[in-house]
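# Close look at the chain arrangement
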Amino acid sequence: MEARELLFPDFLTEMAIKCPAAPALTCEGKALSYGELKVMAERCSVQLIRAGVKKGDKVGLWGFNCTPWIVAFLGITGAGGIAVLLNYGLKAEDETALMKSTGCSWLVVGPNTVTIQNPEDAVQAAVRAGIPKEHVLQDKMLAEACLAMEGPTLSAADAALLAFRREEMDSHDTQVIIFTTGTTSFPKAPQLSSYSILNDAFSAGSVFFPGEGLVATKFLLALPLFHSYGLSVTFAALSKGMHIFLPVVLKPEIINNLIYENEIIDMASVGAVYGMMIRMPDFEEKVAGRMRICIVGGGFETPVKMMRMENAFGGARIINGYGQTECSPIISVASSDDPLERRAVCVGRPLPGLDVRIWRPDKGFMGLEEIGEVVVKGFCLMNGYYGLPEEQQAIDADGWLHTGDLGAFEKDGMLRLTGRIKDIIIRCGENISPSDVEKVLLEEENITEVKVLGAPHPVWGESVEACIVVKDETAFDPEKLTKELKTRISSFKVPSHFFIYPRFPLNSNGKLDQRTLKADMLQRLLALNIRQAVDRGMRIYSLTMKNQPYTIYPACSMISGLTDNLGFSDRQINRIRLGVEEMLTERIANAYEAGGEIRLDVDLMPQWLRLSFVDGGKKYRLEDVENSLSAKIILANVDAYSVNTTEDGKTEYCLDYQYADDFNVNEYLVKNTRA
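Attention here is on the structure that accompanies the text. Here the structure is a predicted model, which means the values were calculated and not measured.

Let's shift gears to the overall build of the protein chain. The helix and strand inventory of the protein chain stands at 21 helices and 30 strands. Along the first, second and third principal axes, the C-alpha atoms of the protein chain reach 115 × 60 × 55 Å. Taking all 675 residues of the protein chain together, the buried fraction comes to 54%. Across the protein chain, contacts joining residues at least 24 apart in sequence account for 69% of those joining residues at least 6 apart. For the protein chain, the accessible area works out to roughly 30100 Å², and carbon and sulfur atoms hold 51% of it. Charge centroids of the protein chain, computed over 69 positive and 88 negative side chains, lie 1 Å from each other.

All right, on to the sheet that holds strand β23 (residues 447–457) then. Strand order in the open sheet formed by 3 strands is β23-β24-β25, with mixed pairing between adjacent strands. Edge strands, defined here as strands with exactly one partner in the open sheet, are β23 and β25 (497–500). In this sheet, adjacent strand axes meet at a mean angle of 30 degrees when their direction is disregarded.

Attention shifts here to helix α3 (residues 67–78). In this model, α3 (12 residues) spans 16 Å end to end at C-alpha, consistent with the 16 Å of a helix rising 1.5 Å per residue. Most of α3 is tucked away: 11 of the 12 residues are buried. If you check which residues of α3 are buried, you get T67, W69, I70, V71, A72, F73, L74, G75, I76, T77 and G78. The positive-phi residue at the C-terminal boundary of α3 is G80, with phi of around 85 degrees.

All right, on to the side chain of S193 then. For S193, the position within the fold is in the loop between β8 (191–192) and α8 (194–208). In terms of polar contacts, S193 uses its side chain to reach the backbone carbonyl oxygen of S171, at 3.5 Å. Those residues within four positions of S193 in sequence are excluded, and the remaining contacts are S171, H172, D173, Q175 and N383.

For the rest of this paragraph, the subject is the layout of surface pockets. It is the rolling of a water-molecule-sized probe over the atoms that shows where space remains empty. Its boundaries defined by the atoms lining it, the second largest pocket holds a volume of some 580 Å³. Secondary structure elements with two or more residues in the lining of the second largest pocket: β2 (30–33), α3 and α6 (139–148). Sorting elements by how many residues they give to the lining of the second largest pocket places α6 first, with 5 residues. Taken together, the residues that form the lining of the second largest pocket break down as 12 nonpolar, 4 polar and 5 charged.

For S228, the location among the structural elements is in helix α9 (residues 228–239). By relative accessible area, S228 is classed as buried at 1%. For S228, the side chain forms a polar contact with the side chain of T325, separated by 3.3 Å.

In this section: the sheet that holds strand β29 (residues 640–645). Taking strand neighbours across the sheet as the criterion, the 5 strands line up as β26-β27-β28-β30-β29 in an open arrangement whose pairing is antiparallel. Each edge of the open sheet carries a strand with a single partner, namely β26 (538–546) and β29. Each neighbouring strand pair of the sheet contributes to a mean axis angle of 20 degrees, computed without reference to strand direction. Pairing of strand β27 (residues 597–604) with strand β28 (residues 608–615), which is carried by 7 bridges, proceeds in the antiparallel orientation.

It is possible for side chains bearing opposite charge to pair when their charged atoms get close. This structure, assessed with the given rule, holds 28 salt bridges. In this structure, the salt-bridge partner of R420 is D405, at a minimum N-O distance of 3.0 Å. Of this pair, R420 sits in strand β20 (residues 415–420) while D405 is found in strand β19 (residues 401–409), placing the two residues 15 residues apart along the sequence. K471 is the partner of E445 in a salt bridge, and the nearest nitrogen-oxygen pair spans 3.1 Å.

A separate point is the nonpolar core. Of all hydrophobic cores here, the largest spans 129 residues; its most connected members are F73, L85, F219, F235, M267, M277 and F313. Ignoring any residue separated from it by four or fewer positions in sequence, one finds F73 in contact with F8, L61, A83, L85, V176, L231 and F235. I588, V602, V638 and Y659 belong to the second-largest nonpolar core, a separate cluster that totals 40 residues.

Turning our eyes to something else, we now look at unusual backbone geometry. If a residue is not glycine, its phi is most likely negative; likewise, a peptide bond is most likely trans. With an omega of -10 degrees, the peptide bond between S328 and P329 qualifies as cis. Positive phi values are uncommon outside glycine, yet S328 reaches one of about 70 degrees. Relative to the helices and strands, S328 is located in the loop between β13 (317–323) and β14 (330–333). Under the relative-accessibility criterion, S328 is labelled buried at 1%. A positive phi angle, close to 65 degrees, is found at E369, a residue other than glycine. Its place among the elements puts E369 in the loop between β17 (364–365) and β18 (372–377). The class of E369 is partly exposed, set by a relative accessible area of 44%.

Across all of its chains, the model carries 18 aromatic pairs by this definition. Plain terms: the ring middles of F8 and F73 are 5.4 Å apart, the flat faces sit at 70 degrees to each other, and that makes the pair edge-to-face. Taken as a pair, F8 in helix α1 (residues 8–18) and F73 in helix α3 lie far apart in primary sequence, 65 residues in all. Accessibility assignment for this pair places F8 and F73 in one class, buried. Summarising the aromatic geometry, the rings of W69 and F73 are spaced 5.8 Å apart at their centres and angled 5 degrees between planes, so their arrangement reads as stacked. Taken together, the residues span about one helical turn, with W69 and F73 both in helix α3 at a distance of 4 residues. Residue classification places W69 among the buried positions, given a relative accessible area of 2%.

Contact geometry for helix α2 (residues 34–51) and helix α7 (residues 156–167): axes closest at 10 Å, N-to-C directions at 80 degrees. Between α2 and α7, the angle is such that the two are roughly perpendicular. Facing α2, whose interface residues are E42, S45, V46, I49 and R50, α7 presents A157, D158, L161, L162, R165 and R166. Looking at the contact of α2 with α7 residue by residue, the class counts come to 5 nonpolar, 1 polar and 5 charged.

Reading the values: the criteria
Residues numbered from 1 in each chain as written. Predicted model: local features only at pLDDT ≥ 70, side-chain atom pairs only at ≥ 80, totals over all residues. Heavy atoms only, no water. Helix = DSSP H or I, 4+ residues; strand = E, 2+ residues; numbered from the N terminus. Buried < 20%, exposed > 50% of the residue type's maximum accessible area, 1.4 Å probe, protein only. Contact = heavy atoms within 4.5 Å. Areas by Shrake-Rupley, 256 points an atom, 1.4 Å probe, with all protein chains shown as cover. Lys, Arg positive; Asp, Glu negative; His and termini not counted. Charge placed at Lys NZ, Arg CZ, Asp CG, Glu CD. Pairing = 2+ DSSP bridges. Axes fitted to C-alpha atoms, helices over the stretch in contact; angles between N-to-C directions. Expected span 1.5 Å × (residues − 1). Polar contact = N/O pair within 3.5 Å; in protein donor to acceptor, adjacent residues only side chain to side chain. 1 Å grid on protein atoms, 1.4 Å probe; cavity = no way out; pocket = protein on both sides within 12 Å on 5 of 7 lines; lining within 4 Å. Points joined across faces, edges and corners; volume = space filled by probe spheres on them. Nonpolar A, V, L, I, M, F, W, Y, C, P; charged D, E, K, R; others polar. Salt bridge = Lys/Arg side-chain N within 4 Å of Asp/Glu carboxyl O. Core = buried A, V, L, I, M, F, W, Y, C linked by side-chain atoms within 4.5 Å. Phe/Tyr/Trp six-rings, centres within 6.5 Å; stacked < 30°, edge-to-face > 60°. Parallel < 35°, antiparallel > 145°, perpendicular 65-115°, else oblique.

Next comes the structure, spelled out in structure tokens:
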């Protein structure tokens, strides 16, 4: 495909000429034709220019999917501004940080999760980001102002104003900033142009809907527009003259009703949304058997899972793909003609016109079926990350964008992803791709979702941990599964633990929130390790002291502080301190004729605190020391007392004290241990 030099207004003009009266967009029952969409976008641009928006001004766009959002996007970019797309599900303080980090000087705001609670909070978020209050515009009011403008077209003065601004614009200029939803602590801000977004959409549309000319079918867009995937698919559908239905909220009951009531046959969403649709009680009646194409964000599906989804939809073709925001975003897509078993394990072929290769720093470009990093060159590339220095950019000196994804090209030209470079688990020096383990686990009938993650391990470096969603938790047998896995994959790849979830956490794009999932998994693993350690007796102190009276006071002070922290009552703390003091007094008096050392060990047991005293003295029982006042005090102030022999043959005297009834030692350790 030959890339075209187009601004967003140029594209709208072309489509308005091709199909002026055809419906382009329907949202909440209100439709706009292609001609009307063009006029509304131009009027919005004029409104923004007259309000003071200059070429290159960054304009935040913050709201749910709706017609005013699309009109505002086209108006901002048509006025030469840079649309900074904000996630409608974030908190006000997060939006402030994003607007401030990109230097927004304007904000167009619509209904979102913040304004639903308090509309003024959005204005204050903008003001805190340095945006003047008069530069905060409401998308609905902007759209209403566009509707109020007289005449079917622009006035001569407005047309001249717009033409003058367009002469300053270039299709390669940054016109959109979309924040990534990756695993970094602060989102990166790829800068995209109309050149990258439109050509990526045109190329993807030629694969999604092959053939020359327009495809005037009804298309459901169940994706957030602030995400690059949603934006690209929108323009792909518009470039084919399709009628887009846009649900404001991505709820499965709303989506199913839209499909049924409007006889929609094509749609795009993410896997989680499709799964929720299938689980609705009205799915069989309203959706199954009615769909033709279901576009889904791709990656790491099994043939079995893909077949289940296609069977549920009654023969619809599930078309998966692969992309990154940095690539506007689509890199590769499958074709509806590709066999199910290929679509399920691969993410299609590179878009027509893109150069996609596999690269390794030690070997250069790789051949077929050789794994390396996926690198991309062509019309889809971003203009770099906003605000990041050169050394943190993803495009190298030769113009290749490094995706950070590992993959290989199959003999039929399809791309197979094998994992993220950062996700590779290194266990005992062995590199493990999580996707290899995930694919095997997903073949289990009872397992519906899997994410394999690495966790720090003191001996192996990292351990392999599996987070899973199952149909029937009572039927899940981890020991049986572990044994079976060892017959199918290398033993070092077998997960150490299986953590069951009712569902995985998702971000506002409907994608897996891997950062949240991993944080929760690490907390569960920590709790599990602590519980196992406490069951054996977790040693938290081992203090060796001289066999001298001056060591008694600091040892007693340390134990007093610890027992207070463990929730013992004042009365019990005094009993414990007295027991320690008298035990040390007894051993100092009787353990040695002269000198030596005493070791005090502190162990947390499931139901009690154990204080152990070990020395090199002669073994005896406190009960047998008739003339020792210390022995009598100890026995009167301890919950349980025992004498053991250590592995090296020394005598160990154990004083045990029960925790308070409301104290849980496992919860205490989890709370006070860093994962």
